[in-house]
Amino acid sequence: MEEKKRYDKILIKNLVLKNVAGVEAWQRLKSQPVIISVELYTDISAAGNTDHVTNTIHYGHVTKAITTLVESRTFKSLEALAHAVVKLCCVQFGAARTQVTVEQPKALLHAAASGVKLMRAIEDYRQSSADEEMTTGQVSGLGVADEIFVRDLRLHTIVGVNPWEREEKQVVVINLKIYPSSLPYGGGHSEKNTSYNLRTIVRTLTRHVEASGYKTIEAFAITLARLALEKCHVNKISIRVEKPSAILFADCSGIEVTRDRIWLRQMIEEEQRAGQRYIHYAGKLHYSKEIPAHYTQTVYIAFGSNMGDRVKNIKMALDMLEREGKSIVLDTSSLYETPAMYYTEQPAFLNGACKIATCLEPYALLDTLKEIEHTLGRLPTFRNGPRPIDLDILFYNNLVLDDDEGRLIIPHKSIQEREFVLWPLCDIARDMEHPRLFKTNGQLLSQLLKAAEESEEGRAEIKKVIPIQENQLWYWDKRTYIMGILNVTPDSFSDGGKHVDVDTAVAAAFRMKEEGADIIDIGGMSTRPGADDSFPEEEEIRRVIPVISRLREAGFDLPISIDTFRASVAQAAIEAGANLINDISGGVRDPNMLKTMAECNVPVCLMHMRGDAHTMMSKENTTYENDDVVDEVSHVLHLLVERAIAAGVHRWNIIIDPGIGFAKTADQDFDLLRHLTDISQAQDSPLHALPSLVGISRKKFIGRVTGVEKAERRTFGTAGAVAACVAGGANIIRVHDVRPMWEVIQVCDSIWKKK
């Protein structure tokens, strides 16, 4: 057997040079110090035996060559610089292998340094003939061994089980090692920048650490690893966490963990098998889209339409993208109506963005999008003119691409100047960092808004909308919408039996329309505590469908909502003319509901509750961890939203409801009303920017503080709760007494919404 050749090393440690390779800590593209350490693998036997310097690689010559290379050129990234140094050592000086570590001590505000470490062999360069490798820093297929790191990130948090450790934040020191994967692309081009967005990763972890508190450092480290894998999409990561203050006579105590995407997938599958760990319903796993294993590329696409039926055009474009069989829509933004930019003499656009998983390479995906545009009627016209559909690739993984013909530029060259792109993009990728501009999408939007406010024209009038029914949009920031309650049940808590007759129910709907209702919510099952919610689906359908059908036959033109947690009832109601599915279980009680919601492609309301009509007011179901009903309701609603999106429900169709009166005591109801803004309006809320519906009309918590026993006499108390809802940013308020609450809302909107 041939003996494996042994090599010696020639070392250059901590060579400090000056270079522009990405931005510095304040995100300015400026020259900054870089620290380079090199290990050249070679055989020094000849020099050792002869004591003659010409028989070895001279470290002085290597140092001069590296200095000239680094200080005379600008590199697009630290990785590109490191690859250039490696190639120099292997090709020019003949090192059998070279390991290079490059650090930037001024790249991150709270870390000692960030950097990259990589090793290459001279054979790698003999196999590659691409002249661009020196500048792009790429050798095909060799990225798997690279290590990107953050050294000594110092943060402050609560961590520890001892009482004194819970009193005050302490310093933790975090070291990260990120192991990228090789991402080869075909089509005659190469990926010019495979670096992970260290600022995004550090920012994501920092926000979590400084807002959290852990009892064990083990849970602390594991959670950080999961965040990096799940939210920042790293392939593999090692995290070392140290507590310098933990042991009096030691430098620190700590832990190091390494996790990868295989582990993450196992964790997610385990949680799914557990059966909705955080949602208090037992039962089956629910429908969600299946993503083929080879759909490994993540892409963000902008879409817009200003000709014909804009909503229909957008829906058809996304359906066609999936029907091609090579892409799956993972998430969608809200929809925004925006004035035309560049050429302004044309109708307003409906804009949004989506995140997809695909197996298509960039140029193949571009061809697919162009074909969809053509099929939907887009014809050649002048630049930035009107079009039935416009589809643009914004980001493709972390690819940076410029082809010679300008046919495809990734990221899209105009993201930073377009509010109509950044608003929807921030709904689904706010913290994603632009690999050219070194800022997150959220930062780019803030920067653009500030510039617009200071300009003569001011900010563009961009309105977030929901397609509530055909050819009708609701504008969420314009006013508060009123949902009139129409119970066609014999046993509802306030108006049971009043509208079981179809003619009476139809007359009540028309009356509520005249009084100012914007939508009518029809329910065929009482959900009050103790109600019977187990009778056959056929009976519920028998109660509601004739009313919906009769209303449509009579020319009733308001949107209609169906109040049900049963998929078959929802399906029948939509077919009869309903426009919105209002599910008190958030899509959980019926395993077919999410699939129905996705297929119907209508607005849906997901409400928080626990248990059922018989169990929801039990002590078990009204007890919340740490007595924090707001936090847990927000958390569960976020999970409900994520499940709905995973099943194919578009984000722009989702409305959330905190579930006042459902598995909550009166004090908890008031706590939720007090913190409505925190649930859906706060910037750091997981539900940020999702519209909300609140049902408070005549409920028991009002009677408790007013002393009014009969529900139908709680009008004035309801008015106070309605005012609180408007002040808290609620978008839809569900009420029995339409005209009085309409008057309350007009006054409240004039105070809080019509500024």
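Here, the structure is the one placed above.
What counts as what
Residues numbered from 1 in each chain as written. Predicted model: local features only at pLDDT ≥ 70, side-chain atom pairs only at ≥ 80, totals over all residues. Heavy atoms only, no water. Patch = residues over 30% accessible without salt bridge, like charges linked within 9 Å, V, L, I, M, F, W, Y side chains within 5 Å. Areas by Shrake-Rupley, 256 points an atom, 1.4 Å probe, with all protein chains shown as cover. Salt bridge = Lys/Arg side-chain N within 4 Å of Asp/Glu carboxyl O. Lys, Arg positive; Asp, Glu negative; His and termini not counted. Charge placed at Lys NZ, Arg CZ, Asp CG, Glu CD. Helix = DSSP H or I, 4+ residues; strand = E, 2+ residues; numbered from the N terminus. Buried < 20%, exposed > 50% of the residue type's maximum accessible area, 1.4 Å probe, protein only. Phe/Tyr/Trp six-rings, centres within 6.5 Å; stacked < 30°, edge-to-face > 60°. Lys NZ or Arg CZ within 6 Å of the ring centre and 35° of its normal. Axes fitted to C-alpha atoms, helices over the stretch in contact; angles between N-to-C directions. Parallel < 35°, antiparallel > 145°, perpendicular 65-115°, else oblique. Left-handed = near helix turned anticlockwise from the far one by under 90°. Contact = heavy atoms within 4.5 Å. Nonpolar A, V, L, I, M, F, W, Y, C, P; charged D, E, K, R; others polar. Pairing = 2+ DSSP bridges.

S.K.: What's the story with a negative patch on the surface in this structure? I'm lost.
M.R.: Taken together, the side chains of E625, D627, D628 and D631 make up a negatively charged region of the molecular surface. Its location among the elements puts D627 in the loop between β23 (604–607) and α17 (629–646). For D627, a relative accessible area of 71% translates into the label exposed.

S.K.: Where do I start with the packing of aromatic side chains in this structure?
M.R.: Here the distance between the centres and the angle between the planes together describe a pair of aromatic rings. Taken as a whole, this structure holds 9 aromatic pairs when the rule is applied. Between Y214 and F220, the aromatic rings sit 5.7 Å apart at their centres with planes inclined by 80 degrees, giving edge-to-face as the arrangement. Each member of the pair Y214 and F220 is classed as buried. Where W474 meets Y481, the ring centres are 4.2 Å apart and the plane angle is 10 degrees; that geometry is what we call stacked. The residues W474 and Y481 share a single accessibility class, namely buried. An aromatic cluster is built from W474, W476 and Y481, whose rings are joined through pairwise contacts. Sitting above the plane of the Y41 ring, R97 keeps its charged end 4.5 Å from the centroid. When the ring centre of Y179 is taken as origin, the NZ or CZ atom of K236, which lies over that ring, is 5.2 Å away.

S.K.: Could you clarify how one ought to interpret the environment of P180 in this entry?
M.R.: When you line up the elements, P180 lands in the loop between β6 (170–178) and α6 (198–211). It is 27 Å that separates the C-alpha atoms of P180 and T42, two residues lying 138 residues apart in sequence.

S.K.: Honestly, the packing of α17 against helix α18 (residues 666–674) in this entry has me stumped. Any pointers?
M.R.: When two helices pack together, you describe them by how their axes are tilted relative to each other and by the distance separating the axes. The N-to-C vectors of α17 and α18 enclose an angle of 70 degrees; their axes lie 9 Å apart at closest approach. Taken together, α17 and α18 sit at an angle that is classed as roughly perpendicular. Once α17 is placed against α18, the crossing between them reads as right-handed. Packed against α17, whose contacting residues are V629, V630 and V633, the element α18 presents Q668, D671 and L672 at the interface. Here the contact of α17 with α18 is built from residues that sort into 4 nonpolar, 1 polar and 1 charged.

S.K.: Honestly, the sheet that holds strand β25 (residues 693–695) in this entry has me stumped. Any pointers?
M.R.: Strand pairing in a sheet is mediated by backbone hydrogen bonds. Such pairs are either parallel or antiparallel. Here we have 8 strands laid out as an open sheet, ordered β24-β23-β22-β21-β20-β19-β26-β25, and parallel in their pairing. Of all strands in the sheet, those with a lone pairing partner are β24 (654–657) and β25, marking the two edges. Pairs of neighbouring strands in the sheet enclose a mean axial angle of 25 degrees, with direction left out of account.

S.K.: Help me understand a nonpolar patch on the surface in this model?
M.R.: A contiguous nonpolar patch, built from M341, Y342, Y343 and F382 and spanning about 370 Å² of accessible area, is present on the exposed surface. Among the structural elements, F382 can be located in the loop between α10 (362–375) and β14 (390–396). For F382, a relative accessible area of 44% corresponds to the partly exposed category.

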